[in-house]
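Understanding the architecture of this molecule
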Amino acid sequence: MRIQPPPPRVCGSPGGPLIISPRVQLSDGRHLSYKEAGVSKDEAKYKIIVIHGFDSSKDLKLPVPQELIEDLQIYILSFDRAGYGESDPHPKRSIKSEAFDVQELADKLQVGPKFYVIGFSMGAYAVWSCLKYIPHRLSGVSLVVPFVNYWWPCLPANLAKEAFKLLLVQDQWTFRVAHYAPWLFHWWMNQKLFPSLSIMAGNMDIFCQPDLEFLKKLPPNSDDTQEKIRQQGVYESLYRDVMAGYGKWEFDPFDISNPWPDNDGAAHIWQGYEDKIIPYKLNRFLSQKLPFVRYHEVPGKGHFLAFESSVCEDIFRTLLVG
């Protein structure tokens, strides 16, 4: 069993996947693939950068009502995070690098000095990173069903332990390996002695009832989106994502100072009360302690709450117009 991961199949390299989407080149030479939606940049009153979650991409289909987009004149920019889809892998990918990817993408596409950011699930660690490293660029942010690192020093040990114990045992072990022994992570995810990450093994026990009902209604995957997400290798996309998120951070949410001292912006956390993937108690705790966070706990909803158009509209409207 190999401890070392295989080399990535980089987009545009000989024998690698094709480049179909527009991309920008960053200062370190990597490319980020992006997608624009909504009204044009020049007409837009509000500009939002959307950050996808685990095993997802810039093609994330959010049910944002067209009337809302036209009404508020919203421009939406989404992108494949490093190693996902058509964005180049980043061998030194970290929490910090995600914020600078967002900033450089915005600058290359001339989005303007300030913009909004929405991050979903695992993509929320990139939003915490933006709050820490590029606060002066943010008009406001939303963290939707946001990922939590159980090793953040700001979390009371008993609360973190209680929430961690709610996860499936195989996920507890997977996150422990990512945190304490990232060099073993590729081996762990491919060994067959113990079950590893439940979401990749198709284990439905991680979903609450509202999530299972949402999944039942989904049309069968008729396109190759899923394949495209992982096309450069699961190590570069999924594994690096988990290792960055659950690894050791340079900061935790309590180290972030309020980016909006004049109260002209806010960070919104949206949490499904029934969510079994991200237990609500931790995000509720963080929201109570951080003065610039507004907390929205949605009863009867789980991890997929943003895919319900009324909730999705609330998330966008609340971020932009309060």
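Notes on the structure follow.

Rules of the game
Residues numbered from 1 in each chain as written. Predicted model: local features only at pLDDT ≥ 70, side-chain atom pairs only at ≥ 80, totals over all residues. Heavy atoms only, no water. Helix = DSSP H or I, 4+ residues; strand = E, 2+ residues; numbered from the N terminus. Rg over C-alpha atoms; globule rule 2.2 N^0.38 Å. Buried < 20%, exposed > 50% of the residue type's maximum accessible area, 1.4 Å probe, protein only. Contact = heavy atoms within 4.5 Å. Areas by Shrake-Rupley, 256 points an atom, 1.4 Å probe, with all protein chains shown as cover. Lys, Arg positive; Asp, Glu negative; His and termini not counted. Charge placed at Lys NZ, Arg CZ, Asp CG, Glu CD. Pairing = 2+ DSSP bridges. Axes fitted to C-alpha atoms, helices over the stretch in contact; angles between N-to-C directions. Parallel < 35°, antiparallel > 145°, perpendicular 65-115°, else oblique. Nonpolar A, V, L, I, M, F, W, Y, C, P; charged D, E, K, R; others polar.

With that settled, the discussion passes to the overall build of the protein chain. Counting its regular elements, the protein chain contains 12 helices and 8 strands. Compactness check: the protein chain gives a C-alpha radius of gyration of 19 Å against a globular reference of 20 Å for 322 residues, within 12% of the reference. Among the 322 residues that make up the protein chain, the fraction classed as buried is 57%. Contacts in the protein chain between residues at least 24 apart in sequence constitute 78% of all its contacts with a sequence separation of at least 6. Accessible surface, the protein chain as shown: approximately 14600 Å² in total, 54% of it carbon and sulfur. Each charge class in the protein chain was averaged separately, 35 positive and 37 negative side chains, and the resulting centres sit 6 Å apart.

Spatially, β1-β2-β4-β3-β5-β6-β7-β8 is the arrangement adopted by the 8 strands of the open sheet, whose pairing is mixed. A single partner strand is all that each edge strand has here, and the edge strands are β1 (23-25) and β8 (293-298). Strand-to-strand twist across the sheet, computed as the mean angle between neighbouring axes with direction ignored, equals 25°. Across 6 bridges, the pairing between strand β3 (residues 46-51) and strand β4 (residues 74-79) is parallel.

Let us now look at the packing of helix α4 (residues 157-165) against helix α11 (residues 280-289). Relative orientation of the contacting elements α4 and α11 amounts to 150°, with a least axis distance of 9 Å. Looking at the two axes, α4 sits roughly antiparallel to α11. Here Leu159, Ala160, Glu162 and Ala163 of α4 come into contact with α11, specifically with Lys281, Leu282 and Phe285. Its residues assigned to classes, the contact of α4 with α11 shows 5 nonpolar, no polar and 2 charged.

Everything listed here is a matter of coordinates, which is why it stays silent on function.
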